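Geometric and topological summary
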Amino acid sequence: MDLGIKKRTALVTAASKGIGRAIAESLISEGAKVAICSSNEENLITTAGEIKENYGEEPLWIKCDLSKSDDIRKTFEIVRDEFGSIDILVNNCGGPPTGKIDSIDETIWEESYRQVLMSVTRFVNLVLPSMKEKHWGRIINITSFTVKQPIKNFVLSNSLRSAVRGYTKTLSNEIGEFNVTANCIAPGYTLTHRLYELAVEIAKETGDSHEHILGELACEVPLKRLARPDEIASAVAFIASEKAGYITGNVIPVDGGIVKSAF
Ligand code: NAD
């Protein structure tokens, strides 16, 4: 299927590895002009080089700490100056720290709020004027299955991603008339560095191996396996496409069926 995004420009945030990187690869493989950003310059350089090797096109890369307003503005300006405008904005971010409610102090709450929620609102405010003017745009916010099924030790993610979900629904209502869509993609357990680190953390507490923990997580999923990052990325590429023009205001789960509720 031709997704119809060959002439489109895209910015994918937090894309030096994991799900963000897979999304950048998937959009580049569909012919879009792609920019990536992340706080880790070394990983950005490696990733940009590997993408060029694999797909023949090097993404524009910019170092950006998503919790900093100045970095976000600078990133936007670099991409706008290079690409003219941004048609597809994929807001991904580093996962916030884990922990129970009584272990999270105010500084961590505020840092996580800036990274998970404010980075989305800041980038949206910057890209919207040109999307409205062109009468075309796709805004895709990466959240988590925890929006529908909160999990233990994840109070920051459980809370802040629900805020992103509420923001995205509100946004979709306000921008629909400009032919700009806004959706969330909600991944399930996906085999990335973050999940590996979480498994190592849990393994330390339980005395099991991290392989055992990853196996247990996979067993919770009806499909009995963890997602590959490219499986999340395929859904994002579709929502970013011309074909998905009538999908807006939704949370699209890509979670192997892990959410137990029927709704
Ligand atoms: P990852 O750790 O593999 O990659 C995270 C990316 O975020 C990296 O590129 C890193 O450099 C970047 N990053 C971290 N802090 C940053 C900052 N302050 N500014 C800019 N960039 C920053 O993580 P992942 O597994 O690919 O997860 C991506 C997102 O999806 C996270 O928010 C995560 O919580 C969410 N998610 C992941 C899973 C999973 O099982 N992996 C499931 C549901 C949701």
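Up top you'll find the structure we're talking about.
The structure reproduced in this document is the subject of the present report. Here the residue index of a chain counts from 1 through its sequence in written order. Reporting of local features is limited, given that this is a predicted model, to residues whose pLDDT is at least 70; pairs of side-chain atoms are given and counted only at 80 or more, and all residues count toward the totals for whole chains, interfaces and linings. Note that the side-chain values use all heavy atoms of the structure and ignore hydrogens as well as water.

1. Comments concerning the side chain of Thr181
Within the secondary structure layout, Thr181 lies in strand β6 (residues 180-187). Only protein chains enter the accessibility calculation, which uses a 1.4 Å probe; a residue whose area is less than 20% of its type maximum is buried, one above 50% is exposed, and one in between is partly exposed. Assessed through its relative accessible area of 3%, Thr181 is described here as buried. In what follows, a contact means two residues having at least one pair of non-hydrogen atoms within 4.5 Å. When residues no more than four places from it in sequence are discounted, the contact partners of Thr181 are Gly137, Arg138, Ile139, Ile175, Gly245, Ile247 and Thr248. By definition, any uninterrupted DSSP run of H or I lasting at least four residues is a helix, any uninterrupted run of E lasting at least two residues is a strand, and each is numbered from the N terminus.

2. Some points on unusual backbone geometry
Not every positive phi belongs to a glycine, and Ala14 is a case in point at roughly 50 degrees. Note that Ala14 resides in the loop between β1 (9-12) and α1 (18-29). Using a relative accessible area of 16% as the deciding quantity, one classes Ala14 as buried. A positive phi angle is found at Asn179, which is not glycine, with a value near 60 degrees. Relative to the assigned elements, Asn179 resides in the loop between α5 (155-175) and β6.

3. A closer look at the site of the ligand
Taken together, 27 residues lie near the ligand, and Ser16, Cys93, Arg161, Thr190 and Thr192 sit nearest. For the ligand, an oxygen atom lies 2.8 Å from a polar atom in the backbone of Ile19. At 3.1 Å from a nitrogen atom of the ligand is found a side-chain nitrogen or oxygen belonging to Asp65. The protein chains shown are the only cover counted for residues, whose accessible areas, like all others here, come from Shrake-Rupley with a 1.4 Å probe. Protein contacts shield 90% of the accessible area of the ligand, which totals 830 Å² for the unbound molecule. Among the secondary structure elements, those contributing two or more residues to the shell around the ligand are α1 and α6 (193-206). Throughout, near means a residue has at least one heavy atom within 4 Å of the molecule or strand. Any pair of N or O atoms that falls within 3.5 Å is considered a polar contact. Within protein, one atom must be able to donate a hydrogen and the other to accept it, and sequence-neighbouring residues count only if both atoms are side-chain atoms.

4. Some words on the nonpolar core
What is meant by a nonpolar core is a set of buried Ala, Val, Leu, Ile, Met, Phe, Trp, Tyr and Cys residues, joined one to another through side-chain atoms within 4.5 Å. If you look at the biggest cluster of nonpolar residues, it comprises 33 residues, and the most contacted ones within it are Leu89 and Ile139. Breaking this core down by element, the ones donating at least two residues are β2 (33-38), α3 (69-83), α4 (106-134), α5 and β6. Ranked by residues supplied to this core, first place goes to α4 with nine residues. Setting aside chain neighbours within four positions, we find Leu89 in contact with Leu11, Phe123, Val124, Val127, Met131, Arg138, Ile139 and Ile140.

5. Looking at the packing of aromatic side chains
Any pair of aromatic rings gets described here by the distance separating the centres and the angle formed by the planes. Each pair of aromatic rings taken from Phe, Tyr and Trp, with Trp reduced to its six-membered ring, is defined by centres within 6.5 Å and is described as stacked if the planes are under 30 degrees apart, edge-to-face if over 60, and tilted in the remaining cases. Applying the stated criterion to the full structure yields one aromatic pair. For the ring pair Phe145 and Tyr189, a centre distance of 5.1 Å and an interplane angle of 70 degrees mean the geometry is edge-to-face. With Phe145 in the loop between β5 (137-142) and α5 and Tyr189 in the loop between β6 and α6, this pair connects stretches of sequence that are 44 residues apart. When sorted by exposure, Phe145 lands in the same class as Tyr189, which is buried. By definition, being over a ring means that NZ of Lys or CZ of Arg is both within 6 Å of the ring centre and within 35 degrees of the ring normal. Cation over ring: Arg8 sits above Trp136, and NZ or CZ is 3.6 Å from the ring centre.

6. A few points about the packing of α1 against helix α2 (residues 41-55)
Axis lines are fitted through C-alpha atoms, for helices just across the contact stretch, and the angle between N-to-C directions can take any value from 0 to 180 degrees. For the pair α1 and α2, the least separation of the axes is 11 Å and the interaxial angle reads 35 degrees. In this structure, the crossing between α1 and α2 has a hand that is right-handed. Here Arg21, Ala24, Glu25, Ile28 and Ser29 of α1 come into contact with α2, specifically with Thr47, Glu50, Ile51 and Tyr55. Side-chain classes are defined by residue name, with Ala, Val, Leu, Ile, Met, Phe, Trp, Tyr, Cys and Pro counting as nonpolar, Asp, Glu, Lys and Arg as charged, and the others, Gly among them, as polar. Of the residues contributing to the contact of α1 with α2, the split by class is four nonpolar, two polar and three charged. A crossing counts as left-handed when the near helix is turned anticlockwise from the far one by less than a right angle, and as right-handed when that turn is clockwise.

7. Brief notes about the environment of Leu156
Here Leu156 shows up in helix α5. The exposure class of Leu156 is buried, given its relative accessible area of 0%. Note: C-alpha distance between Leu156 and Tyr113 (43 residues apart in sequence) is 8.4 Å. Residue contacts for Leu156: discarding those within four places in its chain leaves Pro96, Pro97, Ile104, Ile108, Trp109, Ser112 and Arg161.

8. Points about the sheet that holds strand β7 (residues 251-254)
Remark on secondary structure: sheet strands pair via backbone hydrogen bonds, oriented parallel or antiparallel. The criterion for strand pairing is that DSSP finds at least two bridges linking the strands in question. An order of β3-β2-β1-β4-β5-β6-β7 is seen for the seven strands of this open sheet, with the pairing classed as parallel. Lying at the two open borders of the sheet, with one neighbouring strand each, are β3 (60-63) and β7. Pairwise comparison of adjacent strand axes, ignoring direction, gives a mean angle of 20 degrees for this sheet. By the bridge criterion, four bridges tie strand β4 (residues 88-91) to β5 in an arrangement that is parallel. For Asn91, the partnering residue across the bridge sits in β5 and is Asn141. Sheet strands touched by α4: β1, β4, β5 and β6. Its angle to β4, the strand with the most contacts, is close to 175 degrees. Here α5 sits on the sheet and contacts β5, β6 and β7; the angle it forms with β6, its principal contact strand, is near 160 degrees.

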